[in-house]
Amino acid sequence: MRLSRFFMPILKEAPSDAQIVSHQLMLRAGMIKQEAAGIYAWLPLGLRVLNRIEQIVREEQERAGAIELLMPTLQLADLWRESGRYEAYGPEMLRITDRHERELLYGPTNEEMVTDIFRGFVKSYKSLPLNLFHIQWKFRDERRPRFGVMRGREFLMKDAYSFDIDEAAARKAYNRMFAAYLNTFARMGLKAVPMRADTGPIGGDLSHEFIVLAETGESQVFCDRRLVEMPPPGNDVDWDDLQGVFDERTSMYAATEEMHDAARFEAETPEADRLTARGIEVGHIFYFGTKYSAPMKAKVAGPDGKDTEVHMGSYGVGVSRLLGAIIEASHDESGIIWPDAVAPFDVVVINLRVSDEAVCVACEAAVEALEAAGKVVLYDDTDERPGGKFATADLIGVPWQLTIGPKGVAEGVVELKRRATGEKQTLSLDAALELLR
Ligand code: ATP
Ligand code: MG
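Residues numbered from 1 in each chain as written. Chains lettered and ligands numbered in written order. Predicted model: local features only at pLDDT ≥ 70, side-chain atom pairs only at ≥ 80, totals over all residues. Heavy atoms only, no water.

**Considerations on the layout of surface pockets**
- Here the largest pocket is characterised by a volume of approximately 960 Å³.
- Lining the largest pocket are 41 residues, with Arg-140, Glu-209, Glu-281, His-284 and Arg-321 positioned closest to its centre.
- Take the lining of the largest pocket: its biggest share by element is 7 residues, from strand β13 (residues 274-289).
- The residue makeup of the lining of the largest pocket, split by class, is 14 nonpolar, 15 polar and 12 charged.
- Estimates place the volume of the second largest pocket at around 360 Å³. (1 Å grid on protein atoms, 1.4 Å probe; cavity = no way out; pocket = protein on both sides within 12 Å on 5 of 7 lines; lining within 4 Å. Points joined across faces, edges and corners; volume = space filled by probe spheres on them. Helix = DSSP H or I, 4+ residues; strand = E, 2+ residues; numbered from the N terminus. Nonpolar A, V, L, I, M, F, W, Y, C, P; charged D, E, K, R; others polar.)

**As for the coordination of the magnesium ion (ligand 2)**
- Coordination of the magnesium ion (ligand 2) by the protein is provided by Glu-281 (OE) and His-284 (ND1), with metal-donor distances spanning 2.1 to 2.2 Å.
- On the accessibility criterion, Glu-281 (24% relative accessible area) is partly exposed.
- Classification of His-284 by relative accessible area gives buried; the value is 10%. (Donors = N, O, S within 2.8 Å, 3.2 Å for Na, K, Ca; no water. Buried < 20%, exposed > 50% of the residue type's maximum accessible area, 1.4 Å probe, protein only.)

**Section: the side chain of Thr-382**
- As for its placement among the helices and strands, Thr-382 is situated in the loop between β20 (377-380) and α12 (386-396).
- Look at Thr-382 and you get buried, because its relative accessible area is 18%.
- In this view, Thr-382 contacts Leu-3, Ser-4, Val-354 and Lys-389; residues no more than four positions away in its chain are not counted. (Contact = heavy atoms within 4.5 Å.)

**Digging into the packing of helix α11 (residues 357-372) against helix α14 (residues 429-436)**
- Following both chains from N to C, one finds α11 and α14 inclined at 30°, their axes separated by 11 Å at the closest point. Classified by the interaxial angle, the pair formed by α11 and α14 is roughly parallel. In the crossing of α11 with α14, the sense of the turn from one axis to the other is right-handed. Here α11 contributes Ala-366, Ala-369 and Leu-370 to the contact with α14, which in turn contributes Leu-429, Leu-433 and Leu-436.
- Here the contact of α11 with α14 is composed, by residue class, of 6 nonpolar, no polar and no charged. (Axes fitted to C-alpha atoms, helices over the stretch in contact; angles between N-to-C directions. Parallel < 35°, antiparallel > 145°, perpendicular 65-115°, else oblique. Left-handed = near helix turned anticlockwise from the far one by under 90°.)

**Observations regarding the environment of Asp-273**
- Locating Asp-273 in the fold gives a position in the loop between α9 (262-268) and β13.
- Taking relative accessible area as the criterion, Asp-273 reaches 17% and is therefore assigned buried.
- Residues contacting Asp-273, with those up to four places away along its chain left out, are Cys-223, Asp-224, Arg-225 and Arg-226.

**Looking at empty space enclosed by the protein**
- In this structure the tally under the stated criterion is 1 cavity of 30 Å³ or more.
- Its volume calculated, the largest cavity comes out at about 50 Å³.
- Breaking the lining of the largest cavity down by element, the ones donating at least two residues are β2 (39-42) and β8 (154-164).
- Residues belonging to the lining of the largest cavity are distributed by class as follows: 5 nonpolar, 3 polar and 1 charged.

**Notes on the nonpolar core**
- Core analysis: the biggest nonpolar cluster contains 73 residues, and Met-31, Ile-53, Phe-185, Phe-210, Val-282, Leu-323 and Trp-338 have the highest contact counts within it.
- Residue-level mapping places this core at the junction of two domains, with at least three residues from each of domain 1 (3-336) and domain 2 (345-436).
- Ignoring any residue separated from it by four or fewer positions in sequence, one finds Ile-53 in contact with Met-188, Val-319, Leu-322, Leu-323, Ile-326 and Val-342.
- Ranked by size, the runner-up nonpolar core spans 25 residues in total, among them Leu-130, Tyr-161, Phe-163 and Met-296. (Core = buried A, V, L, I, M, F, W, Y, C linked by side-chain atoms within 4.5 Å. Domains from an automatic or database assignment.)

**Notes on the sheet that holds strand β4 (residues 74-76)**
- With antiparallel pairing, the 3 strands of this open sheet are ordered in space as β4-β6-β5. In this open sheet, the two edge strands, each paired with only one partner strand, are β4 and β5 (94-97). Mean inter-strand twist for the sheet, computed between neighbouring axes without regard to direction, equals 40°.
- Across 4 bridges, the pairing between β5 and strand β6 (residues 103-106) is antiparallel. Residue pairing in the sheet places Leu-94 in a bridge with Tyr-106 of β6. (Pairing = 2+ DSSP bridges.)

**Here we look at the pairing of strand β21 (residues 400-404)**
- For β21, the tally of buried residues reaches 5 of 5 residues, placing the bulk of the element in the interior.
- Both faces of β21 are covered, namely the face carrying Trp-400, Leu-402 and Ile-404 and the face carrying Gln-401 and Thr-403.
- Looking at chain direction, strand β19 (residues 347-351) and β21 are connected through 5 bridges and run parallel. Bridge assignment links Val-349 to a residue of β21, and that residue is Leu-402.
- With 4 bridges connecting them, β21 and strand β22 (residues 414-418) associate as antiparallel partners.

**Examining the packing of aromatic side chains**
- Inspection of every chain in the model, using the stated rule, returns 15 aromatic pairs.
- On the numbers, 5.0 Å between centres and 65° between planes, the contact of Phe-178 with Phe-246 is edge-to-face. Highlighted residues: Phe-178 in helix α6 (residues 167-187) and Phe-246 in helix α8 (residues 243-250), separated in sequence by 68 residues.
- For Phe-246, a relative accessible area of 12% puts it in the buried group.
- Arranged with centres 5.0 Å apart and planes meeting at 75°, the rings of Phe-288 and Tyr-292 form a pair that is edge-to-face. A single burial state applies to Phe-288 and to Tyr-292, both of which are buried.
- A connected cluster of aromatic rings, assembled from ring pairs, spans Tyr-174, Phe-178, Tyr-181, Phe-185, Phe-210, Phe-246 and Tyr-315.
- Over the face of the ring belonging to Tyr-86 we find Arg-95, whose NZ or CZ atom lies 4.6 Å from the ring centre. (Phe/Tyr/Trp six-rings, centres within 6.5 Å; stacked < 30°, edge-to-face > 60°. Lys NZ or Arg CZ within 6 Å of the ring centre and 35° of its normal.)

**Points about the site of ligand 1**
- Close to ligand 1 lie 14 residues, the nearest being Arg-140, Glu-142, Arg-151, Gly-152 and Glu-281.
- Within the side chain of His-284, a nitrogen or oxygen atom sits 3.1 Å from an oxygen atom of ligand 1.
- Take Arg-321: an N or O atom from its side chain is 3.0 Å from an oxygen atom of ligand 1.
- Its free accessible area being 580 Å², ligand 1 has 85% of it covered by the protein chains.
- Applying the majority rule of atoms within 2 Å of the grid points places ligand 1 in the largest pocket.
- At the level of secondary structure, the elements contributing two or more residues to the shell around ligand 1 comprise β8 and β13. (Near = heavy atom within 4 Å. Polar contact = N/O pair within 3.5 Å; in protein donor to acceptor, adjacent residues only side chain to side chain. Areas by Shrake-Rupley, 256 points an atom, 1.4 Å probe, with all protein chains shown as cover. Sits in = over half its atoms within 2 Å of the grid points.)

Set out below in structure tokens:
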């Protein structure tokens, strides 16, 4: 992608209403534009990262056995009357009336709709276990939308829903999502700790929030420090038996404010390992048994031929919130530092003198070679001054910067900089390509 043809409206200064660094940097880097309180347009650079995060979430859901579908954003109010949540949900629900006076709502979550899909088609325990997920925009009319994409009103969520014949099977489904979440967040370079959590309006009795520690986080959390550094389970696990993975991470204390028990925290955690911190909730999983299947009559014939209400769980990831969480966890005074796995481009090739034919030829050869090696390249071919180009490259956080100028061309070398460490090396183009491959 040539920067001169791209659409990346960089701001020199962050608008004064952006309070936290991730929001400031997303605005400055031209990733998002606010259209209304808590409602954003995703500009090309932001969309690229959003798509990559979405794809990681999707791959890890599929690896754990969940199947993707896509439900609409608009839902019938009557469906929510069946579960009793239409009245219960309150002012966060955006209610809409169509031209036939039919009551609709913009979905804040999809338990009712997915239960309706399930009961329409699934009749036998033989179709279980089943886990359906989608990645779709949600709307919640938050009282205080703020911090950019962190607490939006319209936001992108991955939500999965599991259906099982009994509680034991449902707990296995829960553990699969538990492990999938640990792997998902680790792939994005995040250390997310599962913490016992309140179930809120979703309901149920078993629930964990996945929390990324950050000073700007909205939740107060308490946990054993050792959980933060625990590596993810990885892909080489037995997806049918993840009790060990679950037990290992839940045997140590970790709770959000609503579930915190100071006496237990002190009894269970050595003083040196007690961590009290702020955190960002990037995922939340629930097991709620028959809370929706009972009122909505989602039943299957069991092995004995008798109809049984299915046991369900739901599992959310804040896909759009994750951009904010990753930036909060990975930035410096010059800008964003994208982890390789979610970066909008792999490399930015910086042309230091676009008026110099030889430099342009060298840059274009570099871009071509990188693209041939499968790298996604941003080519800064603008006539901006070098200082401005470096500042932009640092701001937008592309993991590698490959700089070519007249002096380098004369000597047959390029400069390669790793954004995360600031480490620079001067080497031949071939050596640089070898390093990047
Ligand atoms: P919160 O406590 O932050 O309001 P929640 O508990 O109401 O979130 P869930 O119903 O658990 O949210 O939704 C699943 C995930 O969706 C959350 O873990 C979070 O990452 C994300 N999410 C929820 N609300 C928002 C929002 N307003 N903006 C962006 N992401 C959100
Ligand atoms: Mg939650």
